[in-house]
Each structure stands twice: as structure tokens, then as C-alpha cells.
Amino acid sequence: AEITTTQKTVPSVYALLERRHGYVFSEDQRLGTPLILIKAYMPVRHASNFAEELRYETQGQAFPLCSVHHFQTMMEGDMNNLYDDMYQLVSSIRTRKGLSPTIPPLATYL
């Protein structure tokens, strides 16, 4: 995401990106203006309603431009551990699709 904002709303932008598991890789002052250009990466699964929340948090003083920059290998995890991030992600996807949140054993399909 590329976010153009004023100096006084930069902390709000950083806080929102942190809540959405994003990280800033560049911050530059626009020459001749009081604006700051923040470039950040944010996972797609955390990007829904980002623009609306950003405008709310900054009272309309920040303007995002979101695009897909790259793909990254998903996290590794233990699907048998109820508290693992991978288990939580797969369970939420299966629930959203109307499936049982637990993965059935292979014997179910043989």
C-alpha cells in the first residue's frame, strides 16, 4: 500500500498497519509539501475495509493506494494444534465455506 498523509497522522497510520499485520518499508517526505508518502506491505487477508478504516482513523487526512505487490509462502504450522495460526486460518476458511472446521481424516475419502 502507498499511503499519502500529513505528518500529524503518521502515528495513526503506523498503528493501523500494525493491527493489520503490515510493515512499513519506506517513508518519504514529498518535496515542497507537508505530505508524507508511506509504503507498506500488508497481507491480503487483512486488507478488507482498509481504506475506510484508514480514513476514519486519520479524520480523512490519509489516502491509500493498494495493489498486490508480491506473493509470499504462507506460514508453516501444525494442523493438530488448536492454538496454531495455520490451524486458525484453515478453520476460518473452512467455516466460511460451510465445511466442518476440522479437516476430516484421509480414510473418509478412500
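What you see is a predicted model; the values in this text were computed from it and never measured. (Residues numbered from 1 in each chain as written. Predicted model: local features only at pLDDT ≥ 70, side-chain atom pairs only at ≥ 80, totals over all residues. Heavy atoms only, no water.)

1. Some remarks on the overall build of the protein
Condition: Strands here mean DSSP runs of E at least two residues long; helices mean DSSP runs of H or I at least four residues long; both are numbered from the N terminus. Radius of gyration here uses only the C-alpha atoms, and the compact-globule reference equals 2.2 Å multiplied by the residue count raised to the power 0.38. When a residue's accessible area, from a 1.4 Å probe over protein chains only, is under 20% of the maximum for its type it is buried; when over 50% it is exposed; and in between it is partly exposed. By definition in these notes, contact holds between two residues if any of their heavy atoms fall within 4.5 Å. Per-residue accessibility takes into account occlusion by the displayed protein chains alone, with areas from the Shrake-Rupley method and a 1.4 Å probe.
When its secondary structure is counted, the protein shows 3 helices and 4 strands. Listing every helix and strand of the protein by position from the N terminus yields β-α-β-β-α-β-α. In terms of overall size, the protein is more extended than a compact globule, its C-alpha atoms giving a radius of gyration of 19 Å where 110 residues would be expected to give roughly 13 Å. A principal-axis box enclosing the C-alpha atoms of the protein has dimensions of 65 × 25 × 20 Å. Sorting the 110 residues of the protein into buried and exposed places 25% on the buried side. When contacts within the protein are restricted to residue pairs at least 6 apart in sequence, those whose partners lie at least 24 apart make up 50%. Here the protein has roughly 8,100 Å² of accessible surface; of this, 57% comes from carbon and sulfur atoms.

2. Some details on the packing of aromatic side chains
Filter applied, for reference: Note on ring pairs: Phe, Tyr and Trp rings are taken, using the six-membered ring of Trp, and paired if centres are within 6.5 Å. Classes follow the plane angle, with under 30 degrees stacked, over 60 edge-to-face and the rest tilted.
All chains considered together, the criterion is met by 2 aromatic pairs. Seen in terms of ring centroids, tyrosine 23 and tyrosine 41 are 5.5 Å apart; in terms of plane orientation they differ by 75 degrees. Their pairing is edge-to-face. Remark: tyrosine 41 occurs in strand E3 (residues 35-41) and tyrosine 23 occurs in strand E2 (residues 23-29); sequence separation between them is 18 residues. What makes tyrosine 23 partly exposed here is its relative accessible area of 46%. Pairing phenylalanine 25 with tyrosine 41 gives two aromatic rings, centres 4.3 Å apart and planes at 25 degrees, and the pair type is stacked. Taken together, the positions of phenylalanine 25 in strand E2 and tyrosine 41 in strand E3 put the pair 16 residues apart, joining distant regions of the chain. Through successive ring pairs, a cluster of aromatic residues spans Tyr23, Phe25 and Tyr41.

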